[in-house]
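Residue-level listing of the chains:
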Amino acid sequence: MIEAFKSTVYNCGVIELGKHHREQGNLTVVENNITIPFEVKRIYYLYDVPGGESRGGHAHKELHQLLIAAGGSFDVIIDDGNVKRTITLNRPYYGLLIVPGIWRELINFSSGATCLVLASEKYDEADYIRDYDIFKLEKLQNRLAVV
Ligand code: T46
């Protein structure tokens, strides 16, 4: 498992989950340690997000997550304190893997969008860094320590 202070946006990425296509519709499977590199301990989902609203605005110290646009679309800005990337999720057979130590913001939710989140740990508020300045400082201090 990657250490939060050493992670970069390049440790995150979109995983193609695949789909079982039938005339009656599609089905996508996610399996622990096969499709994703962690064991799912918690699932939650964001929905009914009003137009123009954003979610996230924090980083996690230990949590690994897979974000899926189960319906609709939204953009995820991931930020390691040095580099920012914006990823659009708009298909239920793609998931964005986010490792610990990455600031994220979810924006541009389409009407009716659902963000399904598979998470590696139970809910723990102590795992959150909700102050961007503290996040930047901790990442910077680690970079300086490594050099
Ligand atoms: C993330 C993004 C994508 C709980 O009680 N249990 C839970 O498991 C979660 C996730 C949240 N909560 C409570 C804590 C807050 O009172 O639900 C409320 C809203 O949580 P938060 O403000 O953290 O919501 P988001 O949308 O900003 O962030 C959530 C996740 O917390 C976070 O891990 O990456 O979705």
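Refer to the structure presented above.
Note that the structure is predicted; figures quoted are calculated from it, not measured.

**Student:** Explain the overall build of the protein to me, please; I cannot follow it from the model alone.
**Tutor:** Across its full length, the protein holds one helix and twelve strands. Helices and strands appear in the protein in the N-to-C order β-β-β-β-β-β-β-β-β-β-β-β-α. Relative to the compact-globule value of 15 Å for 147 residues, the protein shows a C-alpha radius of gyration of 16 Å, a close match. Principal-axis analysis of the C-alpha atoms gives the protein an extent of 55 × 35 × 25 Å. Looking at the protein as a whole, 39% of its 147 residues are labelled buried. Counting contacts in the protein only where the partners sit at least 6 residues apart, residues at least 24 apart contribute 79% of the total. Side chains of the protein give 16 positive and 19 negative charges; the mean places of these two sets differ by 2 Å.

**Student:** Would you explain the site of the ligand in this entry?
**Tutor:** In the vicinity of the ligand, the contacting residues are Arg42, Tyr44, Leu46, Arg55, Gly56, His58, His60, Gln65, Arg104, Tyr123, Tyr128 and Arg130. Take glycine 56: an N or O atom from its main chain is 2.9 Å from an oxygen atom of the ligand. In this structure, an oxygen atom belonging to the ligand sits 2.8 Å away from a side-chain N or O atom of glutamine 65. When the free accessible area of the ligand is taken as 660 Å², the share hidden by the protein chains comes to 68%.

**Student:** Even after reading the chapter, I still don't get the environment of leucine 137, so can you show me in this structure?
**Tutor:** With respect to the helices and strands, leucine 137 occurs in helix 1 (residues 132–146). Note on leucine 137: relative accessible area 47%, which makes it partly exposed. Sequence separation between leucine 137 and glycine 13 is 124 residues; the distance between their C-alpha atoms is 24 Å.

**Student:** Whenever I open this one, the side chain of arginine 42 confuses me. Can you help?
**Tutor:** Along the chain, arginine 42 falls in strand 4 (residues 42–46). Buried within the structure, arginine 42 lacks any salt-bridge partner; aspartate 127 is the closest side chain of opposite charge, at an N-O distance of 6.5 Å. A polar contact of 2.9 Å, which involves the side chain of arginine 42, links it to the backbone oxygen of glutamate 121.

**Student:** Help me understand the pattern of salt bridges in this model?
**Tutor:** Pairs may arise between side chains of opposite charge once their charged atoms sit close together. The full count for this structure, using the stated rule, is two salt bridges. Across the pair glutamate 121 and lysine 41 runs a salt bridge, and its minimum N-O distance is 3.4 Å. Note that glutamate 121 is positioned in the loop between strand 11 (114–119) and strand 12 (128–129) and lysine 41 in the loop between strand 3 (25–27) and strand 4, a separation of 80 residues in sequence. Judged by its relative accessible area of 33%, glutamate 121 is partly exposed. One salt bridge connects arginine 130 with glutamate 125, and the closest N-O pair in it is separated by 2.7 Å. Among the residues examined, arginine 130 registers a relative accessible area of 48% and is labelled partly exposed.

**Student:** What should I look at first to understand the sheet that holds strand 1 (residues 13–16) in this one?
**Tutor:** Within a beta sheet, neighbouring strands are joined by backbone hydrogen bonds and run either parallel or antiparallel to one another. Across the sheet, five strands lie side by side as 1-9-6-11-4; this open sheet has antiparallel pairing. Each having just a single partner strand, strand 1 and strand 4 make up the two edges of the open sheet. Strand-to-strand, the axes of this sheet are offset by a mean angle of 25°, without reference to chain direction. By the bridge criterion, six bridges tie strand 6 (residues 65–71) to strand 11 in an arrangement that is antiparallel. Looking across to strand 11, one finds that leucine 67 is bridged to valine 117.

About the cut-offs
- Residues numbered from 1 in each chain as written.
- Predicted model: local features only at pLDDT ≥ 70, side-chain atom pairs only at ≥ 80, totals over all residues.
- Heavy atoms only, no water.
- Helix = DSSP H or I, 4+ residues; strand = E, 2+ residues; numbered from the N terminus.
- Rg over C-alpha atoms; globule rule 2.2 N^0.38 Å.
- Buried < 20%, exposed > 50% of the residue type's maximum accessible area, 1.4 Å probe, protein only.
- Contact = heavy atoms within 4.5 Å.
- Lys, Arg positive; Asp, Glu negative; His and termini not counted.
- Charge placed at Lys NZ, Arg CZ, Asp CG, Glu CD.
- Near = heavy atom within 4 Å.
- Polar contact = N/O pair within 3.5 Å; in protein donor to acceptor, adjacent residues only side chain to side chain.
- Areas by Shrake-Rupley, 256 points an atom, 1.4 Å probe, with all protein chains shown as cover.
- Salt bridge = Lys/Arg side-chain N within 4 Å of Asp/Glu carboxyl O.
- Pairing = 2+ DSSP bridges.
- Axes fitted to C-alpha atoms, helices over the stretch in contact; angles between N-to-C directions.

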